[in-house]
Amino acid sequence: MITLTSVFPDQNNIPEKFRLSGPVEQSEYLINGEIREWKGDFQDVYSPVYLENEYPKPHYIGRYPLMDKDESLKALDAAVKAYDYGRGEWPSMTVEQRIGCIKDFILLMEEQRNEIVKLLMWEIGKNLKDSEKEFDRTVDYILDTIESLKNLDRDSSRFKIDQNIIGQIRRAPFGVVLCMGPFNYPLNETFTTLIPALIMGNTIIFKPPKLGVLLHKPLLRAFKEAFPKGVVNTVYGEGQTVIAPLMESGKIDVLAFIGSSKVADILKKQHPKPHRLKCVLGLEAKNPAIILHDADIDAAVSECITGALSFNGQRCTALKIIFVHEEIIGPFLEKFSAEVEKLKVGMPWEEGVNITPLPEPNKSEYLADLIKDAVSHGAKVINPGGGIFNKSCFFPAILFQVNDKMRIYREEQFGPVIPVVCYKDIKEPLDYIINSNYGQQASIFGNDADQIAELIDTLVNQVSRINLNSQCQRGPDSFPFTGRKDSAEGTLSVSDALRVFSIRALFAAKENEVNKRIVREIIKDDKSNFLTTDFIL
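A. Just the pairing of strand β9 (residues 203–207), in detail. Taking burial as the measure, the 5 residues of β9 include 5 buried ones, the bulk of the element. Alternating positions in β9 separate into two faces, T203, I205 and K207 on one and I204 and F206 on the other, with burial throughout. Relative to β9, strand β8 (residues 176–180) runs parallel, the two being bridged by 5 bridges. The partner of V176 across the bridge, within β9, is T203. A crossover connection joins β8 to the parallel β9 through helix α6 (residues 188–199); in handedness this β-α-β unit is right-handed. When β9 meets strand β10 (residues 232–234), the two strands line up parallel, connected through 3 bridges. Paired with I205 across the bridge in β10 is N233.

B. The arrangement of the packing of helix α11 (residues 297–309) against helix α12 (residues 329–341) in detail. Here α11 crosses α12 at 50°, and the two axes come no closer than 10 Å. By the angle class used here, α11 and α12 are oblique. The handedness of the crossing between α11 and α12 comes out as right-handed. Residues I297, D298, A300, V301, C304, I305 and L309 of α11 form the contact with α12, whose participating residues are P331, F332, K335, F336, E339 and V340. Per-class residue counts for the contact of α11 with α12 are 10 nonpolar, no polar and 3 charged.

C. The arrangement of the side chain of D477 in detail. Along the polypeptide, D477 turns up in the loop between β22 (465–468) and β23 (484–485). A relative accessible area of 12% places D477 in the buried class. A distance of 3.0 Å separates the side chain of D477 from the side chain of R137, its partner in a polar contact. Setting aside residues no more than four positions away along its own chain, D477 makes contact with R137, Y141, S493 and V494.

D. Region of interest: the packing of aromatic side chains. Per the stated rule, a full pass over the model turns up 16 aromatic pairs. Ring centres 6.1 Å apart and planes at 35° place the aromatic pair F105 and F191 in the tilted group. Taken together, the residues span a long stretch of sequence, with F105 in helix α3 (residues 95–110) and F191 in helix α6 at a distance of 86 residues. There is no split in this pair, since F105 and F191 are both buried. Where Y409 meets Y432, the ring centres are 4.9 Å apart and the plane angle is 80°; that geometry is what we call edge-to-face. Of this pair, Y409 sits in helix α14 (residues 407–410) while Y432 is found in helix α15 (residues 427–435), placing the two residues 23 residues apart along the sequence.

E. Local environment of the sheet that holds strand β11 (residues 254–258). Taken in spatial order, the 6 strands line up as β10-β9-β8-β11-β12-β24 in an open sheet, and their pairing is mixed. Lying at the two open borders of the sheet, with one neighbouring strand each, are β10 and β24 (488–489). Strands in contact with α6 are β8, β9, β10 and β11; relative to β9, the strand with the most contacts, it is inclined by about 165°. Along the sheet, helix α10 (residues 261–270) makes contact with β8, β11, β12 (278–282) and β24, crossing β11 at roughly 165°.

Basis of the calculations
Residues numbered from 1 in each chain as written. Predicted model: local features only at pLDDT ≥ 70, side-chain atom pairs only at ≥ 80, totals over all residues. Heavy atoms only, no water. Buried < 20%, exposed > 50% of the residue type's maximum accessible area, 1.4 Å probe, protein only. Helix = DSSP H or I, 4+ residues; strand = E, 2+ residues; numbered from the N terminus. Pairing = 2+ DSSP bridges. Right-handed = clockwise from strand over helix to strand, strands pointing away. Axes fitted to C-alpha atoms, helices over the stretch in contact; angles between N-to-C directions. Parallel < 35°, antiparallel > 145°, perpendicular 65-115°, else oblique. Left-handed = near helix turned anticlockwise from the far one by under 90°. Contact = heavy atoms within 4.5 Å. Nonpolar A, V, L, I, M, F, W, Y, C, P; charged D, E, K, R; others polar. Polar contact = N/O pair within 3.5 Å; in protein donor to acceptor, adjacent residues only side chain to side chain. Phe/Tyr/Trp six-rings, centres within 6.5 Å; stacked < 30°, edge-to-face > 60°.

Structural data, given as structure tokens:
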């Protein structure tokens, strides 16, 4: 039987290399190329990792500035000035020059790998393997973005002549971008918007997620040293205090936000010029798995466990509801429950750990309420350890006989509770997806090509990615990542993100001798950074 009574460590039991040297007392923030010291109020940060000798209090790991409206607007002024209607140093640079700055940033960023990985574990409870993977994947993403931009720029280096009009089409930045990432991938997901927005010539105001703030502290100096002043600016604090004034100013050109649709709607409504504001949003999802009658049960169980419980199910791409055909429901649940019970609960640095502490305050109580509600409407927790919790540690619960009367049926749980629905007619899961407010991804498990083809043709108009015999996921980063309905706005991938944070701009001239002479002179003497045939190798 699962027990979590002694899951938390004593300070002396933590391996030396994973200990924090002390609280991360962050008073620094970056505005206009200056690392400034905050003298006002601070927000205390507590780890989801409790320590036995401090129990039942959470472990204090640091603090960060609670900036005010005035300081937030200074960050905005710096970003606006650095952009200067596209005349600033950064947007005026050549693509090759901006790439050089990004490469400098990578070198400085890699020096902070160990510290950032450690803070990922302590701040959000992500295990060591996944924390290392998040950092390394982020670096790879930046490198891939550079290569993708080179290809994009090469394609744009040619002139086109049509109907006696000479034209050159390139990408131009929008202006000031407000970047706000999520707590579950506070480095990677944040940088999948920040880096492409930056490299395309926009200036940035960056607010770290509420959980996962301190891990960005080691990067402040890298941002300062790699980019011209005012190009990257950071704000910290309560959204109503520091973000609302930015949006209400009307000077934010792009909102890059990953979080809830409720918050996104509030932010969008605060902007006085809705047609000027471009939004790039990654929002909620309730991704279903459909297990067909002829599915390979072992393979489906393996993928569903990974899909539903990687990082405790705290992923927008997680499988959050599983539909299983009645012909195989018995053997599926038996194997699924047995495999879930084998999962190791522990601290992020422990070898082979699967389930780690949940970073959101009172998350265990919220999940317990979901289970209680489901049970009151006829569901059963079918795995012996399901729903047992101790403070921030919560053992996964498999809920069976889930129906539409239960909150868990439609509510995005964002945690280790797995609702399972038994269906007879394929119309049942399809109707669920069609009527859902969300439309990010779906997974199909089966072997009948005819049935799967029919499902694909229906689902492709409801969700943005269909996964065959595999879990839902974002990668590889070259694939488009988006969603329908309330799940997303805008498309992200290595190449798509470059386009979403820029706009096609066209130079055009009638094909006559005067214009051709002017164009040749501009090209020959490198008089323009936009109008050029330079080819990046």
